[in-house]
Amino acid sequence: MARETENNFDVIVIGAGHAGCEAALAAARMKAKTLLLTINLDHIAFMSCNPAVGGLGKGHLVKELDALDGEMGRNIDATGIQFKVLNTKKGPAVRSTRIQADKTRYALRMKKRLEEEEGLHVRQGTVERLIVDGTTVRGVETWWGEQFFGRAVVVTTGTFLRGLIHVGLEQFEAGRMGDFSSIGLSQCLKDLGFEIGRLKTGTCPRLDGRTIDFSRLEPQHSDDPPKPFSFLTKGISGTLVPCYITYTNEDTHEIIRSGFDRSPLFTGKIKGTGVRYCPSIEDKIVRFKERTRHRIFLEPEGLDTQEYYPNGLSTSLPLDIQIKMLRTVYGLEEAEITRPGYGIEYDFVYPTQLYPTLETKRIRNLFLAGQINGTTGYEEAGAQGLMAGINAALRCRNDCDDGMFVLGRDEAYIGVMIDDLVTKGVDEPYRMFTSRAEHRLFLREDNADLRLTEKGYGIGAVSKERYEAVVDKRRKIEETHALLRSVRLKPTRETLERLVSLGIEGIKNPVTLEELLKKPAVAFDDLKRVDGRLEAVDEDIAYQVELNVKYRGYTERQRDMIERARKLEGKKIPSDTRYEEVSGLSKEVIEKFSKVRPFSLGQASRIPGVTPASITALLVHFKKKGII
């Protein structure tokens, strides 16, 4: 009896990659007894691809994850070795943080964090099958025959489901280089009736830094001062090192072409669809024939290793071709490969089979997160893991669908991503971009805590410390706005002379400091020299206030758009709707609705191929039924 009790949990998480770590930590923080199972305890939070967190669009996900008390932001702040904010010359909505990681220290710190979390149990084991009773998951069984029982299960298997590695025409089963693939679990999902697809991603060869001529390369240093990811990180004190830039050339491209007859990508060995927005180098020179060079970003893998990651050289070409192409690159003529680049194919579950909570429609209490849902990237995985872990814990708490945690497209990039996945599905690995968010002026990196932390605190997913920090931040913002509105400048001679001395255009009528700040040429720092009380305002508070004032007209128009969209989101569709009974729907639309099973008219309107007339037909049908 004691043994049976030991093996009972609230939430079981399969896989300890970036999705699994966030899922397990989120569930445990919400007081769910949680088990995290992974094939290799030494590879927790391992960075299989480039050793960095963030980037365009992805940085927004990490900021939001952090605002909901996820660990990725704090972990990279503590182990980062190069800090950059991208798109600084563009508008605030598209600025994104990117931090280079010390790969080993990142993984070790995350492992330590998991081991310290109360209520979280970490075990090594390969899950072979799910234990299902009717249409409800009850637990898992490992390769060794161990059975663990849980009220909810979160699957975060990354590239491990029937993973197949390609180097040239050689191929072998692996979840990533050096780790076994998972065969049984993939077959189990198929047997349960899930529609499974095949995707492909890849990684770059690693280089011995001692054989790179850095003196001939362009260094890329950290921002000064470096800006952290986490809203709780007060400053960065670790050792910082530069990255370097070089480029391929026409000689490089010619050598790559010479290996096409042994490329798994062009000989049909690889069946899965690759990442359009992060193609291999061989794919680049085919798709962009007009380009005479492609950038390579040399990234250090850590402070205690000489290995470098040549970001931009992802490849599955034969090793001899990989060596020859490197010999043609400026600064890499003598570079030695420590590990070859490779391509990897893996199974995924078509995400239209999920609810927006990331629970599967077919099996109750079973949640999927990360690359198994067709995404690519640590950040996309981590954000999904957090949401799946939260909802798994809520399901254990409520044992019903009430109170599940879903973010809208107007609330978070996380909401945009999950809605895209479960509504539109994927036919290639999904990557987050700022262009995917129609309300991106609201969804900035800098205000993620103001948008999300209170929501997370309300369901018990966020600590009191973080919540109180946001309450204090909001209070300071409101107080600063009140101060700006209370100070009125009159166009006296003394005032005009003072403004001119500060480089500010004169005024003809009385204006408040807030009205003065609306002028494009006036910054918050300028106002500090007008009213000394503003000197005490923290930099992040001043930034929020300035953006609120300067973009008020745009945000008000976007808010009106959001309110109109919410009316459709508020019109819920019964889960037992028979779409063939709805007059005016084409067979194609009936098929789409029946497959996705949208939960609202808003979601239904975003399904590819669905016309406004189809939504009107639904609206009329539900009104006749007295549902809406």
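Before any of the text, the structure's been laid out above.
Notes on the structure in this doc start here. Note that the structure is a prediction, hence the values are computed from the model and not measured.

Reading guide: rules and limits
- Residues numbered from 1 in each chain as written.
- Predicted model: local features only at pLDDT ≥ 70, side-chain atom pairs only at ≥ 80, totals over all residues.
- Heavy atoms only, no water.
- Helix = DSSP H or I, 4+ residues; strand = E, 2+ residues; numbered from the N terminus.
- Rg over C-alpha atoms; globule rule 2.2 N^0.38 Å.
- Buried < 20%, exposed > 50% of the residue type's maximum accessible area, 1.4 Å probe, protein only.
- Pairing = 2+ DSSP bridges.
- Axes fitted to C-alpha atoms, helices over the stretch in contact; angles between N-to-C directions.
- 1 Å grid on protein atoms, 1.4 Å probe; cavity = no way out; pocket = protein on both sides within 12 Å on 5 of 7 lines; lining within 4 Å.
- Points joined across faces, edges and corners; volume = space filled by probe spheres on them.
- Salt bridge = Lys/Arg side-chain N within 4 Å of Asp/Glu carboxyl O.

On to the overall build of the chain, then. The helix and strand inventory of the chain stands at 21 helices and 22 strands. Since a compact globule built from 628 residues should have a radius of gyration of about 25 Å, the 26 Å found for the chain is in line with a globular shape. Along the first, second and third principal axes, the C-alpha set of the chain runs to 85 × 75 × 55 Å. Every one of the 628 residues in the chain was classed for burial, and the buried ones make up 56%.

With that out of the way, let us pick up the pairing of strand β4 (residues 80-86). The element β4 is largely enclosed, with a buried count of five among its seven residues. As paired strands, β4 and strand β5 (residues 96-101) are joined by six bridges and run antiparallel to one another. Each bridged residue has a counterpart across the sheet, and for V85 the counterpart in β5 is T97.

Once that is clear, we can look at the sheet that holds strand β11 (residues 170-173). The sheet built from four strands is open, its strands ordered β11-β10-β19-β12 with antiparallel pairing. The strands lining the two open edges of the sheet, one partner per strand, are β11 and β12 (196-203). Each adjacent strand pair in this sheet contributes to an overall mean axis angle of 25°, direction not counted. Here strand β10 (residues 164-167) runs beside strand β19 (residues 342-349); their pairing, made up of three bridges, is antiparallel. Residue pairing across strands places I165 opposite I344, the latter belonging to β19.

Attention shifts here to empty space enclosed by the protein. The method is simple in principle: a probe with the dimensions of a water molecule rolls over the atoms, and the space it marks as empty is what remains. In total, this model carries one cavity of 30 Å³ or more according to the counting rule given. By volume, the largest cavity is sized at about 30 Å³. Along the walls of the largest cavity sit L354, Y355, P356, K361, V596, R597, P598, F599 and Q603, which together make up its complete lining.

With that settled, the discussion passes to the sheet that holds strand β3 (residues 52-54). In space, the three strands of this open sheet follow the order β3-β5-β4, with antiparallel pairing throughout. This sheet does not close on itself; its edge strands, each paired only once, are β3 and β4. For this sheet, the mean angle separating the axes of adjacent strands, direction not counted, is 15°. Where β3 meets β5, three bridges bridge the pair, whose relative direction is antiparallel.

All right, on to the pattern of salt bridges then. Scanning the model with the defined rule gives 58 salt bridges in all. Notably, a salt bridge pairs R216 with E333, separated by 3.1 Å at the nearest N-O pair. On the criterion of sequence distance, the pair formed by R216 in the loop between β13 (206-208) and β14 (218-220) and E333 in the loop between α9 (319-326) and β18 (337-339) is long-range, its members being 117 residues apart. Owing to a relative accessible area of 33%, R216 belongs among the partly exposed residues under this scheme. R552 is paired through a salt bridge with E514; the nearest N and O atoms lie 3.6 Å apart.

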